[in-house]
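A look at the structure
The chain contents come next:
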Amino acid sequence: MEGSEIARRDHQRNKSEIVKLVKEMFNLEKWGDEEYKKKLQELVIKDEELVKDVIQKIKLEKGLE
């Protein structure tokens, strides 16, 4: 599996975790809960880093960097 494929898979998994957490927040009526907000923010930051990683790996594979 190429680097970009692995990075994409990791990004998809993280997005799934974000969706799962948001559903849990709504189901448990914890939308304003600080602990959940912190967990969600951590996942969003991780997602931003994963997106950057995907872009970088695709550029490297295509010889753009």
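Structural data are supplied above this passage.
To keep things clear, this report deals only with the structure shown in the data block. Treat the numbers as computed from the prediction; the structure is a model and nothing was measured. (Residues numbered from 1 in each chain as written. Predicted model: local features only at pLDDT ≥ 70, side-chain atom pairs only at ≥ 80, totals over all residues. Heavy atoms only, no water.)

Position of D47 among the secondary structure elements: in helix α2 (residues 34–61). Look at D47: it is buried, it has no salt bridge, and the nearest opposite charge is K15 at 6.8 Å. Ignoring anything within four residues of it in the chain, the contact list for D47 reads H11, N14, K15 and I18. (Helix = DSSP H or I, 4+ residues; strand = E, 2+ residues; numbered from the N terminus. Buried < 20%, exposed > 50% of the residue type's maximum accessible area, 1.4 Å probe, protein only. Lys, Arg positive; Asp, Glu negative; His and termini not counted. Salt bridge = Lys/Arg side-chain N within 4 Å of Asp/Glu carboxyl O. Contact = heavy atoms within 4.5 Å.)

Of note in the backbone geometry, E29 takes a positive phi value of approximately 50 degrees without being a glycine. Relative to the elements of secondary structure, E29 occurs in the loop between α1 (3–27) and α2.

Geometric values such as these leave the question of function open.
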